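Read off the chains here:
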Amino acid sequence: LETNLSTMSNKIAPWPPSEENKLISLVKSNDDSSSSDISHPSTTVTSEVSSRSSDEGESKRGESKPGESKPGQTSIPRESTRKRISARISRTATVLATAFSKENASKTYKLCEIYGTGLLSIADAISDLFMIIQFQNTNQLEYFKATIACVGLNVVAQMFLTHIQNSKKSLYTKLKEQVIVLSFLKPGFDIHRCSRMNDRKLHQPIEGHYFSRYMEMTATRVSELVLESTPGTVIQLSALMSTQVEDNTPILLALLSSLTSAAAMSAFISYDFDISNERRTTQPNFYGYIKIDRSSKICTFASLFFVSLFNLFIRSMTVVLISLKGGLPLVILILSLEFLLYIALKLYRGDYMYWLPVYGVWGGITHFFARLVVKLAADWTALVQFRHPQEVGGVYFIFNMFVIMTMGISSAFLYETEKGSWAKEVVIGLMAGACALLMTSFASLLYFMDQDYVKTFTSNMSGNQYIQEIFTKGNSDRRKLEIFQDNIHKWKPYIGEAVRAWLATTLPKLVEESPDWFDDDMKSMIHDDMVTDKNLLEKIRGRHVQEIIANRRRSMVFVPPTILPAPSSEEEGKNKDKETPMMSSP
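Throughout this description, residue numbers start from 1 for each chain and increase along the sequence as written. Residue-level local features of this predicted model are given only where pLDDT is at least 70; pairs of side-chain atoms are given and counted only at 80 or more, and the full residue set underlies all totals for whole chains, interfaces and linings. Processing note: side-chain calculations cover all non-hydrogen atoms of the structure and skip hydrogens and water entirely.

Before going further, it helps to spend a moment on the overall build of the protein. Comment: elements are numbered from the N terminus, with helices defined as DSSP H or I runs of at least four residues and strands as E runs of at least two. Helix and strand counts for the protein come out as 24 helices and zero strands. The classification of residues rests on relative accessible area computed with a 1.4 Å probe and restricted to protein chains. Under 20% of the type maximum is buried, over 50% is exposed, and intermediate values are partly exposed. Across the 586 residues of the protein, 46% fall into the buried class. For the protein, the accessible area works out to roughly 30300 Å², and carbon and sulfur atoms hold 61% of it. Note on areas: these come from Shrake-Rupley sampling with a 1.4 Å probe, and a residue is covered only by the protein chains present in the view.

Shown next as structure tokens:
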């Protein structure tokens, strides 16, 4: 941030020479021998402070008059120092105004996002470690173990993610990255790496990695959001409500840190997805709800932040109140029923499989955990991005928000004072206030967003239908080919023949013209059985393309990559007996 502001400050006109000469002449008029003292601001301020303290001491003793200095000491007029300070303040204000101007707003926002969320993540980790020590010292072993479990799960998830990202790297690099995770410094390192890359490289996979640095940082955020910040909020709020401690300040600060960190990560994820120029171009029916003027951007981001903040507080407080009423088994039962109903709805609509093109046994595991993580993030933090048809959907997102508020109000009225340290009136007041603020924040979001996109909150479109429209409504060959980035079971049974016929006429033209975007990575996405001309298939299956496919298939020992061609018909025949019913085509 300092480097960026410094670079922009060079574009500002320098301090007028007339003002500088005026200040120098004022100093010289006081003492010609002190002209060298103005070479550095610290010297000027130090001299003035020394002179001022000397004048005050001598005036009290009556040995000298105010304004005089001891022999060998320089006295600078207060007026000149005030002018210098005023000039510096004015210059700083001009630099900040330039940083947040229309031309530099995007760069400043990106720096604030990277460093802001990184510092919040690090602060959240520090507060969790502090609460672990606090719970141990106060003999609150249940909260002590629960906090360690949350932090441990987050670390394990980040280690797994790091292993996938660096699986092609040397052993030294793998060990170094794991040490970074274990030292709780991964958020800081992700920030540092992203800040050194331009926008184009930031969102593209680096050679030797499976996904981009920005995607790695986003996955780390989601991991921390679901596994550390959200459960940490519940633990700290439970400790605050169920126990009586003389000084609640440490728990309150830790709770505030968890809430702020989770809300900020949720808001940044939704904001970043929508302002992406590529997504707005390729998916204009869903992305573009944030208006382009600065005031609307600020108000929309603030609304996203407060929607997530109050939703997380209501959800956490509801879980704590239910646990005080019926214990942990009742909480587990309610949350499990919620998830099972969600999965049943997805199965009923034929939309259980996630969009990731992952197949086989690892595919089944990936689909399950992807649905679980998305469901948790949508329920607890109201992550607006997850209203996407491929995630929970618009109608379910709105329905879920009203269910959360209904459960919160009901649990507050069923609260028993004997089982908690708070008065019932306080609990009802907090819950009602949080629900009112959540509704106000959501109404504010709907007001400041582009009204053409309000319909995305009431859309009942399934993920299968959305993916099929990528091809049926695609306005370019590149857009139509992007359907191969999604799971083949979500579109092949419905529009497979249309895609095969389109490839038969379009693929020869692409091979002959060879546009820049039709590179080896794009060629490796096309499935073998979708190309009817075998000679044409050989042309797009060069040596490098075959290496890309082979590397991706070998990586299935740990986890499949984001883009993986489906098995050919021969491989499907060999592995047909090994596949579970879950992996069959809808």
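Values of pLDDT, ranging from 0 to 100, describe the predictor's confidence in every residue of the model. Looking at the protein as a whole, the pLDDT averages 76, with 72% of positions reaching at least 70. Should any heavy atoms of two residues lie within 4.5 Å, those residues are considered in contact. Low pLDDT (under 50) marks residues 31–70, which in the prediction has 39 contacts with non-local residues, meaning those over four places away or in another chain. Note that pLDDT drops below 50 for residues 556–586; the model gives that stretch 56 contacts with residues more than four away or on any other chain.

We define a salt bridge as a contact between a side-chain nitrogen of Lys or Arg and a carboxyl oxygen of Asp or Glu at a distance within 4 Å. Per the counting criterion, the structure on display carries twelve salt bridges. Asp-351 is the salt-bridge partner of Lys-490, the closest N and O atoms lying 2.7 Å from each other. Of this pair, Lys-490 sits in the loop between helix H19 (477–481) and helix H20 (492–513) while Asp-351 sits in the loop between helix H14 (328–348) and helix H15 (360–381), and the two are 139 residues apart along the sequence. Note on accessibility: Lys-490 and Asp-351 belong to one class, buried. With a closest N to O distance of 3.3 Å, Lys-509 and Asp-477 form a salt bridge.

Where burial is concerned, most of helix H18 (residues 463–472) is hidden: seven out of the ten residues are buried. Every buried residue of H18 is accounted for by Gly-463, Asn-464, Tyr-466, Ile-467, Gln-468, Ile-470 and Phe-471. For H18, the elements touching its buried residues are H19 and H20.

Another aspect to go through is the packing of aromatic side chains. Planes of paired rings set the category: under 30 degrees apart is stacked, over 60 is edge-to-face and the rest tilted, where pairs are Phe, Tyr or Trp rings (Trp by its six-membered ring) whose centres lie within 6.5 Å. Counted under the stated rule, the structure contains 18 aromatic pairs. Relative to Tyr-143, the ring of Phe-135 lies with its centre 5.6 Å away and its plane at 40°, an arrangement referred to as tilted. Residue Phe-135 is classed as buried on the basis of its relative accessible area, which comes to 0%. A ring pair is formed by Phe-305 and Phe-306, whose centres lie 5.2 Å apart and whose planes are at 85°; its orientation type is edge-to-face. For Phe-305, a relative accessible area of 17% gives the class buried. With relative accessibility at 36%, the residue Phe-306 sits in the partly exposed group. Here the aromatic cluster, defined as three or more aromatic residues joined through ring pairs, consists of Phe-339, Tyr-342, Phe-368, Phe-369, Tyr-396 and Phe-399. The criterion for a charge sitting over a ring is simple: Lys NZ or Arg CZ within 6 Å of the ring centre, and within 35 degrees of the ring normal. Here the guanidinium or amino end of Arg-387 rests over the ring plane of Phe-457, the centre of that ring lying 4.9 Å away. Just above the ring of Phe-471 sits the side chain of Lys-480; from NZ or CZ to the centre is 4.7 Å.

With that settled, consider the environment of Val-358. Structurally, Val-358 can be placed in the loop between H14 and H15. For Val-358, a relative accessible area of 2% translates into the label buried. Separated by 130 residues in sequence, Val-358 and Ile-488 place their C-alpha atoms 9.1 Å apart.

Here we take up the side chain of Ser-223. Among the structural elements, Ser-223 can be located in helix H10 (residues 213–242). Residues contacting Ser-223, with those up to four places away along its chain left out, are Asn-154, Ala-157, Gln-158 and Glu-228.

Let us now look at the environment of Asp-128. Relative to the helices and strands, Asp-128 is located in helix H5 (residues 105–137). You can call Asp-128 buried: its relative accessible area is 2%. With residues near it in sequence (within four places) discarded, Asp-128 still touches Thr-147, Val-151, Glu-228, Gln-236 and Ser-258.

This part is about a nonpolar patch on the surface. Grouping into patches uses exposed residues only, defined as over 30% relative accessible area, and leaves out salt-bridged ones; the cut-off is 9 Å for like charges and 5 Å for nonpolar side chains (Val, Leu, Ile, Met, Phe, Trp, Tyr). A cluster of nonpolar side chains, Val-361, Trp-362, Ile-365, Phe-368 and Phe-369, forms an exposed patch at the surface whose accessible area comes to about 460 Å². A relative accessible area of 33% places Phe-368 in the partly exposed class.

What follows covers the packing of helix H11 (residues 249–275) against helix H13 (residues 294–326). Inter-axis angles, ranging from 0 to 180 degrees, are taken between N-to-C directions of lines fitted to C-alpha atoms, where helices are fitted over the stretch in contact. Their axes nearest at 8 Å, the elements H11 and H13 cross at an angle of 135°. With respect to each other, H11 and H13 are oriented oblique. In this structure, H11 meets H13 at a crossing whose hand is right-handed. From H11, Leu-259, Thr-260, Ala-262, Ala-263, Ala-264, Ser-266, Ala-267, Phe-268, Ser-270 and Tyr-271 reach across to H13, where they touch Lys-297, Phe-301, Leu-304, Phe-305, Ser-308, Leu-309, Leu-312 and Phe-313. Polar here means any residue outside two lists: the nonpolar Ala, Val, Leu, Ile, Met, Phe, Trp, Tyr, Cys and Pro, and the charged Asp, Glu, Lys and Arg; Gly therefore counts as polar. Residue composition of the contact of H11 with H13, grouped by class: 13 nonpolar, four polar and one charged. Oblique is the label for any angle not under 35 degrees, not over 145, and not in the 65 to 115 range, which are roughly parallel, roughly antiparallel and roughly perpendicular in turn. Should the near helix be turned anticlockwise from the far one by less than a right angle, the crossing is left-handed, and should it be turned clockwise, the crossing is right-handed.

It is worth spelling out the environment of Thr-440 at this point. You can see Thr-440 is positioned in helix H17 (residues 424–448). At 2.8 Å, the side chain of Thr-440 forms a polar contact with the backbone oxygen of Ala-436. In protein, a polar contact means a hydrogen-donor-capable atom and an acceptor-capable atom, both N or O and within 3.5 Å, with residues adjacent in sequence counting only if both atoms are side-chain atoms; elsewhere, any N or O pair within 3.5 Å suffices.

This paragraph deals with the packing of H15 against helix H16 (residues 394–413). Where H15 meets H16, the axes come as close as 9 Å, and the angle between the chain directions of the two elements is 55°. In terms of axis orientation, H15 runs oblique to H16. When you trace H15 past H16, the crossing you get is right-handed. Here Lys-375, Ala-378 and Asp-379 of H15 come into contact with H16, specifically with Tyr-396, Asn-400 and Ile-404.

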